[in-house]
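These are the residues of each chain, in order.
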Amino acid sequence: MSTLATKSALTGLLSLVLAGCAAVPTLGTPNLRDQAHALASRRLDDPGLSAAEARLGLPAASAAAWTPDRITVAAWYFDPTLAEARAASTRAAADAAVAAQRSNPTLQLSPEKVFSGVSTGSPWTVGVALLLPLLHPGEAAARRDVAAADTEAARDQAALAVWQSRTRALAALRATLLARQAQALAEAAVRDRSTYLESVRQRVLAGADARDTQLAAELELQRAEAGLADRHAQRDAAQQSLAAALGLPWSALADARLGWPGLDAPPAPAALPSGVLAEDAAWNRLDLAVLLARYRVSEAQLRLAAGTRFPAMSVAPGYKYDRGARLFSFGLNVELPLFHGAGARIRAAAAARDEAAASVRARQMTILNALDAARADYAGRYAAWQRMQAAAATARLTAERARVQRSAGQISRGAELSAQVAASTAALAASDALSRTLNSLGRLEDVLQHPLWPATRLANLPTAPFPAAAPPADEAAHAHRS
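Residues numbered from 1 in each chain as written. Predicted model: local features only at pLDDT ≥ 70, side-chain atom pairs only at ≥ 80, totals over all residues. Heavy atoms only, no water.

### Quick look at the overall build of the chain
A count of helices and strands for the chain gives twelve helices and four strands. Within the span of the chain, comprising 482 residues, buried residues form 36% of the whole. Of all intrachain contacts in the chain linking residues separated by at least 6 positions in sequence, the fraction that spans at least 24 positions is 78%. Carbon together with sulfur atoms contributes 58% to the accessible area of the chain, which is approximately 26,700 Å² in total. (Helix = DSSP H or I, 4+ residues; strand = E, 2+ residues; numbered from the N terminus. Buried < 20%, exposed > 50% of the residue type's maximum accessible area, 1.4 Å probe, protein only. Contact = heavy atoms within 4.5 Å. Areas by Shrake-Rupley, 256 points an atom, 1.4 Å probe, with all protein chains shown as cover.)

Laid out in structure tokens, this is it:
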């Protein structure tokens, strides 16, 4: 019977040890050469991207223009920072699950054998005890709350990464289209100034104009040419920024047809529903949700610290075989607060909780201030663009009238070209004003963390997940919540 009991005990012990085993997923070291080749070979005609677009009801035909919605989905599909954010979210959720676990019991085995002085009976003494740590009052609930809040913070952080990916992609698309438009207008301005300079040179040779007039025209042409070179650089930088925002090499976008319907017709400030969204942004922004989740973590950790006012305890029921005698034991371990109590830990946890609350209040104030500033800035930029647009329209009409008058012999060639130079310069200035206005609108949208313009089909996403290379639909929907 003793041998059978020993075998049963060993079998049970082995079963418990095996039950604690877990498989460890393996992942080889990334092959940087193969990985770089795979990243460089990414293309917009990826079948997975087409499937994601079809799932969202977007046109996936190769001839269709890459509009803001399509660019957004492409960013969600390819952007490597989203993969990093999802991995961080998964790690944070796993860390929260680990933190919520309570300590396992400890099995204590203490065999002894007497080698001398024993004349009768068994020389063995075997003791077995199971050390069971006890939880403080409320500790289990506090641990669960910490884990839940940490998981929610990780989910909000991943959703914030989805929103930021959209923001980067649309800002880069907008900058690329506006840079191309500004470059075309700058090229027209250079041509007009070059033609005007040639006319001035002829007049100077004929003695109809002073040499100073030619020098001034040459200087203005040089300025226009330097501006055109700068526009070229801005276009290249914008295109590279778009490729980086999408997680693609620029070669994959070189032949892509980019489009933004109504790019030159942003909404008037009064037409934006920013009043309702402003109230929502003050308590529903994703970064604010992250801070609020961290506050709940600190509050639960304060409850954990408060539980340490009670001494840590553990019980140790056991069995002892002492040279033929069988004994049952019951041990009790109690922490003695001789060197410190729970006061310092509670004060530290309370300070962390207060700091988290202050961070929430500070972020709310920052959001409200940023919202007021963004709305005022957009109103001012929009008004300035309207005035510049009106001035450009007037200059264009003046140039057309000058051409008619020149055909009728009413004005000189120089006057006609001067009007044309003024029109092209005004058109370029209006384009720059539009660019500043749209950038301001983008900043307002980012403060609200809600799509404003253009209208999007991605505000309410389906529940079906994206392919592996794209964020899950619930992350994207969470990033577009209203």
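### Points about the pairing of strand β4 (residues 325-334)
Here ten bridges tie strand β3 (residues 313-322) to β4, and the two strands are oriented antiparallel to one another. Of the residues in β4, the one forming a bridge with K320 is L327. Between β3 and the antiparallel strand that follows it, β4, lie two residues; R323 among them carries a positive phi value of about 50°. (Pairing = 2+ DSSP bridges.)

### So, the environment of W250
Among the secondary structure elements, W250 is positioned in the loop between α7 (211-246) and α8 (274-284). Residue contacts for W250: discarding those within four places in its chain leaves R180, Q239, Q240 and A243.

### Let's talk about the sheet that holds strand β1 (residues 106-113)
One open sheet holds the four strands; their spatial order is β1-β2-β3-β4, and the pairing between them is antiparallel. Only two strands of the sheet have a single partner each, and these edge strands are β1 and β4. Each neighbouring strand pair of the sheet contributes to a mean axis angle of 15°, computed without reference to strand direction. (Axes fitted to C-alpha atoms, helices over the stretch in contact; angles between N-to-C directions.)

### Looking at helix α5 (residues 80-100)
Spanning 21 residues, α5 covers 31 Å between terminal C-alpha atoms, matching the ideal 30 Å at 1.5 Å per step. Of the positions making up α5, those classed as buried are L82, A85, R86, S89 and A96. Projected onto a plane normal to the axis of α5, the buried residues spread over an arc of 100° and lie on a single side. Across from the buried face of α5, at angles greater than 90 degrees, the exposed residues are E84, T90 and V98. (Expected span 1.5 Å × (residues − 1). Arc of directions from axis to C-beta.)

### Concerning the pattern of salt bridges
Counting across every chain of the model gives 22 salt bridges. The closest approach of N and O atoms between E445 and R166, which form a salt bridge, is 3.0 Å. Highlighted residues: E445 in helix α11 (residues 413-448) and R166 in helix α6 (residues 139-205), separated in sequence by 279 residues. The exposure class of R166 is buried, given its relative accessible area of 3%. The salt bridge involving D377 is made with R443; its shortest N-O contact spans 3.1 Å. Within this pair, whereas D377 is found in helix α10 (residues 343-407), its partner R443 is found in helix α11, the two being separated by 66 residues in sequence. Salt bridges here are not isolated pairs; linked through shared partners, they connect R193, E220 and R223. (Salt bridge = Lys/Arg side-chain N within 4 Å of Asp/Glu carboxyl O.)

### Focus on the packing of helix α4 (residues 68-78) against α7
Here α4 crosses α7 at 55°, and the two axes come no closer than 7 Å. Here α7 runs oblique to α4, going by the angle between their axes. Note on element contacts: α7 touches α4 through L242, A245 and L246, opposite I71, A74, A75 and F78. For the contact of α4 with α7, the class distribution of residues is seven nonpolar, no polar and no charged. (Parallel < 35°, antiparallel > 145°, perpendicular 65-115°, else oblique. Nonpolar A, V, L, I, M, F, W, Y, C, P; charged D, E, K, R; others polar.)

### Topic: the packing of aromatic side chains
Under the counting rule described, the total for this entry stands at five aromatic pairs. Measuring from ring centre to ring centre gives 5.9 Å for Y378 and Y382, while their planes differ by 50°; the resulting arrangement is tilted. Of this pair, Y378 and Y382 both sit in helix α10, four residues apart, which is roughly one turn of the helix. Across the pair, Y382 and Y378 agree in class, each one buried. Members of the aromatic cluster, joined through ring pairs, are Y378, Y382 and W385. (Phe/Tyr/Trp six-rings, centres within 6.5 Å; stacked < 30°, edge-to-face > 60°.)

### Considerations on the confidence of the model for the chain
Across the chain, pLDDT averages 87, with 89% of residues at or above 70. For residues 460-468, every residue scores under 50 in pLDDT, and the model assigns this stretch 27 contacts once sequence neighbours within four places are set aside. Across residues 470-477, confidence stays below pLDDT 50; counting only partners more than four residues off in sequence or on other chains, it has 27 contacts. (pLDDT = per-residue confidence, 0-100.)

### Notes on the packing of α4 against α6
Their axes nearest at 9 Å, the elements α4 and α6 cross at an angle of 130°. With respect to each other, α4 and α6 are oriented oblique. Pair α4 / α6 crosses with right-handed handedness. Along its contact with α4, which presents P68, I71, T72, A75 and W76, the element α6 presents V162, S165, R166, A169, L170 and L173. (Left-handed = near helix turned anticlockwise from the far one by under 90°.)

### Let's talk about a nonpolar patch on the surface
Taken together, L134, M313, F330, L332, V334, L336, L338 and F339 make up a surface patch of nonpolar side chains, about 910 Å² in accessible area. For L338, the location among the structural elements is in the loop between β4 and α10. What makes L338 exposed here is its relative accessible area of 66%. (Patch = residues over 30% accessible without salt bridge, like charges linked within 9 Å, V, L, I, M, F, W, Y side chains within 5 Å.)

### A look at the side chain of D192
Among the structural elements, D192 can be located in helix α6. Despite being buried, D192 has no salt bridge partner; R191 is the closest side chain of opposite charge, sitting 5.8 Å away. Contacts of D192, omitting those with residues within four sequence positions, involve Q420, V421 and S424. (Lys, Arg positive; Asp, Glu negative; His and termini not counted.)

### A word on the environment of A100
Along the polypeptide, A100 turns up in helix α5. Its relative accessible area of 28% is what places A100 among the partly exposed residues. For the pair formed by A100 and D145, sequence separation is 45 residues and the distance between their alpha carbons is 8.5 Å. Not counting residues up to four positions away in its chain, the partners in contact with A100 are R143 and A147.

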